[in-house]
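Per-entry structural report
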Amino acid sequence: MDTTATPPERTGRGRRRTGLVLAFALLAAVVGGLVIGVAMGGRNTGIFDGDPPPWASTLGAALCLLGLGVEIVAIVWAVRTGRYRAARRSPLTSLSWSHRRRLGRQVRRGTPEPDEDPALLVETARQAATQRWFVLAIAGLAMTSIGQAFLGFALFHAVIGGLLAVLWGVLIVLLLRGARQGKAFLRANPDLGGR
């Protein structure tokens, strides 16, 4: 019997993907339940305004407060650890938007252009690799969006809450992917940091 050992980084990536799939499935179930609840049994529920049942009011308020708490914790942590200050003092802030996009593209693809400043490429990759903390703040925003949809308890709020939750979910996936690409760029180009 031929068994090949799976590298640890692939196992970790599989667990993260499974976690993301479960999170999106839970999110879809919550938003879908809200839409079905509004459409089927909401009291005095119109398209824009509804009267939420007690369970929806309680759940919505809890999600809003929890989301706000998560956002505050993420912001305080970023300020206390110096990540916020480091991002503001980065040499990338003085560059044009098109130049920063070009740098980001090179980091994502893992192919630095020969005429590019190596220090700027390394800084772009470092920033991409260390921006995982944004995921916590975005998760707080997603919780707040869903909580507000439960508090509004109308079809309009459910649709907007669902769209915002999907938007926040896509942004989380893009941030995690960018962090992985930034780390891969730094590993693949260790000579750029020494120039």
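Scope of this entry: the structure provided in the associated data block. (Residues numbered from 1 in each chain as written. Predicted model: local features only at pLDDT ≥ 70, side-chain atom pairs only at ≥ 80, totals over all residues. Heavy atoms only, no water.)

**So, the overall build of the protein**
For the protein, the count of helices and strands is seven helices and zero strands. Written out in order from the N terminus, the α and β elements of the protein read α-α-α-α-α-α-α. In the protein, which comprises 195 residues, the share counted as buried stands at 33%. Long-range pairs, those at least 24 residues apart, make up 77% of the contacts in the protein with a sequence separation of at least 6. Surface summary for the protein: the accessible area is close to 12,300 Å², and the carbon and sulfur share equals 64%. (Helix = DSSP H or I, 4+ residues; strand = E, 2+ residues; numbered from the N terminus. Buried < 20%, exposed > 50% of the residue type's maximum accessible area, 1.4 Å probe, protein only. Contact = heavy atoms within 4.5 Å. Areas by Shrake-Rupley, 256 points an atom, 1.4 Å probe, with all protein chains shown as cover.)

**What to know about the packing of aromatic side chains**
For the structure on display, the rule yields one aromatic pair. When the centroid spacing of 4.1 Å and the interplanar angle of 25 degrees are considered together, the rings of W133 and F134 count as stacked. (Phe/Tyr/Trp six-rings, centres within 6.5 Å; stacked < 30°, edge-to-face > 60°.)

**Concerning the pattern of salt bridges**
If you walk through the whole model with that rule in mind, you get one salt bridge. Of the charged contacts, one joins E116 and R102 as a salt bridge, the two residues approaching to 3.6 Å between their closest N and O atoms. Of this pair, E116 sits in the loop between α4 (97–109) and α5 (118–129) while R102 is found in helix α4, placing the two residues 14 residues apart along the sequence. Relative accessible area serves as the criterion here: at 9%, E116 is assigned to the buried category. By relative accessible area, which is 32% here, R102 ends up partly exposed. (Salt bridge = Lys/Arg side-chain N within 4 Å of Asp/Glu carboxyl O.)

**Examining a positive patch on the surface**
A surface patch of positive charge is lined by R101, R105, R108, R109, R132, R177, R180, K183 and R187. Taken together, the elements giving at least two residues each to the positive patch come down to α4 and α7 (155–188). Along the chain, the position of R101 falls in helix α4. (Patch = residues over 30% accessible without salt bridge, like charges linked within 9 Å, V, L, I, M, F, W, Y side chains within 5 Å. Lys, Arg positive; Asp, Glu negative; His and termini not counted. Charge placed at Lys NZ, Arg CZ, Asp CG, Glu CD.)

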